[in-house]
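This is what each chain is made of:
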Amino acid sequence: MRVVWLYRLCYLILLVSVACVLLITSKTRVKHETELKEAHLNGKDTDILGRINRMEATIIELYRELKNRDQEKKEIAEETEGKIQEKNVYKKLYPKSYLFQKWGDHLSEEEQTEAETLYRKYGYNVFLSDRLPLNRTLPETRNPRCLEKKYPNDLPTISVVLIYLNEALSVMKRAIRSIIDRTPAHLLKEIVLIDDHSTNEDLKGEFDEYISVINKLHPGLVKKVTHSEQLGLTQARISGWKASTGDVVAVLDAHIEVHVEWAEPVLSRIKADPTVVVTPVFDRVNFDNLEVIHYNEASHAFDWALWCMYESFQPEWYKLNDKSMPGKSPSVMGIFIADRKFFGEIGVLDGGMKIYGGENVELGLRVWMCGGSIEVVPCSKIAHIERAHKPYLPDLSITMKRNALRVAEVWMDDYKKNILIAWNLPYKDHGIDIGDVSDRKKLREKLKCKPFKWYIENVYPQLDPWDDVVGYGALKNTVKDNVCVDQGPVPGTVPIAYGCHYYGPQYTYFRKSGQLYIGGIKSHKYNNNRCLVDPGSGTTPGLYECNVAKEKGMSFLWNFKQGKALKNKITQRCLEVDQGTLVIQNCTGQGWEIQHTITDF
Ligand SMILES: *[C@@H]1O[C@H](CO)[C@@H](O)[C@H](O)[C@H]1NC(C)=O
Ligand SMILES: *[C@@H]1O[C@H](CO)[C@@H](O)[C@H](O)[C@H]1NC(C)=O
Ligand SMILES: [Mn+2]
């Protein structure tokens, strides 16, 4: 369950879509109008302006229509109030679709079908996106202190890279529009679009026309690079970096909308220290009604399987007592902003990564270990559509595992065994092809990067180094046929004997200290593992959080050697199987075989 959840979080960030609206302060509105006015004075551009306005007029028209219908419905509801219960004018055609749980009550049947079809294709509400203004206003979600900050005029220039694969056209346009409207023109070097081989027709002709209209107004502003075959997320980001020419490169997803004044805070941070790689704070855009939900700032963390997650900042950040201040982060979730030259010097991204996963942690480790650092900048906000379903593989864990092993091989030194433990792979010879890592190893040498031990001690001390784990995987009885230890019902505190299936509930972990975990091991020190306990009386074994077991003086330490008895250090009783039931009793000579061992024990 936890993995699924983390994975969703990860997903949210990694496959960022843009769906933001801009909060327009009077300052930027004035600036925007000035730009348009200058264009007017130049004469020939009136025509272009006319075209842009016409395009947007259509959208605004559709939007008004939706709003009017809302209004009418409200009026009808008010009129009938107290008489009869209001009844839906239209039948719901897709009562089970997630799209219509909170949205779309008053759409005609035809519209419902259109909306549902688009939703299935894209994973978010394209029907609505097509009807929202491209320049919609985003709610103000920044800390009030951010609004008081003043930034210098002479900041580095920025290239904004948008990665996409079959994104909806209106979503792409809104991302571009938000970037143009909300980035100071003298700082916005270019917008680089990386099309990872989309097949949707509207991303060809119609989109190109939109781009050329913008480029007539702002010559050379939008560049598009199209991959002739699908190369995946990492390669697309590398292409974006290569095509960029600004002082700073921001590599973003395309289903986003940037918030007002998003660029200035990160640009001033990078100006002060070009070795800082930064990440903005994301707000969630609901996939159904496209509303923006405020997310708080948090650091971008990961576990030993390299799934990413949000986590608290280090204690020093909270001592500052100022939530507008940048906070150090162990990693990034995939979106990042960096000094272009520095990013090149430290090796951009690992081009050997496949499809999805792990590349963000690789970047995080490399930046920290090779002389840079990573920060989350709370005053820079980006709204990101959280898709209801993802466009890549149905099971991302396959490439995730492979990419994680690659990261481990290059960067984790003696700790690389933890990746094997986290994925329950054999300690020797995991048998998975991780590709050629010799170039990445050379890079690490050339840059004279610090050891992973330094990283874990100084950057990410919350990570449990799992130093004394000596065996892991299923724990199989040596005398009963095909019987394994299993965590039993959850919630619950009684482990059971069960036919071996070698999945999560049967994973056990034996530490040299004598603790035996059943059903999983936590990557972070702030989380609790569940320890096997001899309750002292009776024969029923217990499974309790280790710190609780310790506090209550339970007997939770065991003597164990591979293939031998599992014997409690205090009570001297053994974990055994009696008539199909897992029991703790006087030892009768049953042994246990743990699936994978790290050292002979
Ligand atoms: C969006 O653009 C239209 C015309 O292009 C303009 O009339 C409208 O005021 C703009 N909306 C906002 C919120 O800036
Ligand atoms: C278990 O062993 C202890 C000590 O060796 C003995 O006193 C006790 O009766 C035994 N219990 C059972 C159920 O055999
Ligand atoms: Mn995304």
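Criteria and thresholds
Residues numbered from 1 in each chain as written. Chains lettered and ligands numbered in written order. Predicted model: local features only at pLDDT ≥ 70, side-chain atom pairs only at ≥ 80, totals over all residues. Heavy atoms only, no water. Core = buried A, V, L, I, M, F, W, Y, C linked by side-chain atoms within 4.5 Å. Buried < 20%, exposed > 50% of the residue type's maximum accessible area, 1.4 Å probe, protein only. Helix = DSSP H or I, 4+ residues; strand = E, 2+ residues; numbered from the N terminus. Domains from an automatic or database assignment. Contact = heavy atoms within 4.5 Å. Pairing = 2+ DSSP bridges. pLDDT = per-residue confidence, 0-100. Phe/Tyr/Trp six-rings, centres within 6.5 Å; stacked < 30°, edge-to-face > 60°. Lys NZ or Arg CZ within 6 Å of the ring centre and 35° of its normal. Expected span 1.5 Å × (residues − 1). Salt bridge = Lys/Arg side-chain N within 4 Å of Asp/Glu carboxyl O. Axes fitted to C-alpha atoms, helices over the stretch in contact; angles between N-to-C directions. Parallel < 35°, antiparallel > 145°, perpendicular 65-115°, else oblique. Left-handed = near helix turned anticlockwise from the far one by under 90°. Nonpolar A, V, L, I, M, F, W, Y, C, P; charged D, E, K, R; others polar. Lys, Arg positive; Asp, Glu negative; His and termini not counted. Polar contact = N/O pair within 3.5 Å; in protein donor to acceptor, adjacent residues only side chain to side chain.

## Some remarks on the nonpolar core
Trp304, Leu306, Leu365, Met412, Ile419, Phe452 and Tyr455 are the most contacted members of the largest nonpolar core, which has 70 residues in total. Counting residues per element, this core draws most heavily on helix α14 (residues 397-411), at 7 residues. Two domains each donate at least three residues to this core, and these are domain 2 (144-385) and domain 3 (469-597). Not counting chain neighbours up to four residues away, the residues in contact with Tyr455 comprise Phe302, Pro330, Leu365, Trp368, Met369 and Tyr460. By size, the runner-up hydrophobic cluster in this structure holds 41 residues, among which are Tyr210, Leu252, Leu267 and Ile337.

## Side note on the pairing of strand β15 (residues 483-486)
Judged by which residues are buried, β15 turns out to be covered on both faces: Val483 and Val485 on one side and Cys484 and Asp486 on the other are all buried. With 4 bridges connecting them, β15 and strand β16 (residues 496-499) associate as antiparallel partners. What sits directly across from Val485, in β16, is Ala497.

## Focus: the confidence of the model for the protein chain
Overall, the prediction assigns the protein chain a mean pLDDT of 88, with 85% of residues at 70 or greater. Taken together, the stretch residues 81-86 has pLDDT below 50 and engages in 3 contacts with residues farther than four places along the chain or on a different chain.

## Side note on the packing of aromatic side chains
Scanning the model with the defined rule gives 18 aromatic pairs in all. Their ring planes at 45 degrees and their centres at 6.0 Å tell us that Trp307 and Trp423 sit as a pair that is tilted. One end of the pair, Trp307, is in the loop between β9 (299-302) and β10 (308-311); the other, Trp423, is in the loop between α15 (417-422) and α16 (438-446), with 116 residues separating them in the sequence. As far as the burial class goes, Trp307 and Trp423 line up, both buried. Of the aromatic side chains, those joined through ring pairs into one cluster are Trp304, Tyr415, Phe452, Tyr455 and Trp466. Lying across the ring of Trp454, Lys450 places its NZ or CZ 4.3 Å from the centre.

## Describing α14
The end-to-end C-alpha distance of α14, which contains 15 residues, comes to 20 Å, matching closely the 21 Å that a straight helix rising 1.5 Å per residue would cover. Burial within α14 is extensive, with 11 of its 15 residues counted as buried. Within the sequence span of α14, burial applies to Thr399, Met400, Arg402, Asn403, Ala404, Leu405, Arg406, Val407, Ala408, Val410 and Trp411. Lining the buried residues of α14 we find α13 (359-369), α15, α16 and α17 (452-458). Count one or two residues on from α14 and you reach Asp413, which has phi positive near 50 degrees.

## Here's the deal with unusual backbone geometry
Cis geometry is found at the peptide bond from Val490 to Pro491, where omega equals 0 degrees. Structurally, Pro491 can be placed in the loop between β15 and β16. You will see that Glu261, though not glycine, has its phi angle at about 55 degrees, which is positive. Assignment of secondary structure puts Glu261 in the loop between β6 (256-258) and α10 (263-272). Its relative accessible area of 15% is what places Glu261 among the buried residues. A positive phi angle, close to 50 degrees, is found at Lys448, a residue other than glycine. Along the chain, the position of Lys448 falls in the loop between α16 and α17.

## Considering the pattern of salt bridges
If you walk through the whole model with that rule in mind, you get 29 salt bridges. Of the charged contacts, one joins Lys381 and Asp283 as a salt bridge, the two residues approaching to 2.8 Å between their closest N and O atoms. Placement of Lys381 in strand β13 (residues 373-385) and of Asp283 in strand β7 (residues 276-285) is noted, with a sequence separation of 98 residues between them. You can call Asp283 buried: its relative accessible area is 3%. The salt bridge involving Asp413 is made with Arg444; its shortest N-O contact spans 3.0 Å. Here the residue Asp413 occupies a position in the loop between α14 and α15, and Arg444 occupies one in helix α16, the gap between them amounting to 31 residues. Overall, the relative accessible area of 31% leaves Asp413 in the partly exposed class. The network of salt bridges with common partners includes Asp350, Glu362, Arg366, Arg406 and Arg440.

## Concerning the packing of helix α7 (residues 169-182) against helix α8 (residues 205-217)
Relative to each other, α7 and α8 sit at 15 degrees, their axes nearing to 11 Å. When the interaxial angle is binned, α7 and α8 end up roughly parallel. Remark: the crossing between α7 and α8 carries right-handed chirality. Packed against α7, whose contacting residues are Leu169, Met172, Lys173, Ile176, Arg177 and Ile180, the element α8 presents Glu206, Phe207, Tyr210 and Ile214 at the interface. Class assignment for the residues of the contact of α7 with α8 results in 7 nonpolar, no polar and 3 charged.

## A closer look at the pairing of β13
Of all 13 residues that make up β13, 13 are buried, and the element is covered over most of its length. Note that β6 and β13 share 3 bridges and pair antiparallel. When the sheet's bridge partners are listed, Ile256 is paired in β13 with His384. Looking at chain direction, β7 and β13 are connected through 9 bridges and run parallel.

## Re the side chain of Asp486
With respect to the helices, strands and loops of the structure, Asp486 is situated in strand β15. Despite its burial, Asp486 pairs with no opposite charge; the closest candidate is Arg530, at 8.3 Å N-O. In this structure the side chain of Asp486 is engaged in a polar contact, spanning 3.3 Å, whose partner is the side chain of Gln506. Here Asp486 is in contact with Pro495, Ile496, Tyr498, His501, Pro505, Gln506 and Ile518, once residues within four sequence places are set aside.

## Re the side chain of Gln515
Here Gln515 is to be found in the loop between β17 (508-511) and β18 (516-518). A relative accessible area of 18% means that Gln515 is categorised as buried. Here Tyr517 takes part through its side chain, which lies 3.1 Å from a polar atom of the side chain of Gln515. The residues touching Gln515, leaving out its near neighbours within four places in the chain, are Tyr509, Phe510, Cys531, Cys546, Phe556 and Leu557.

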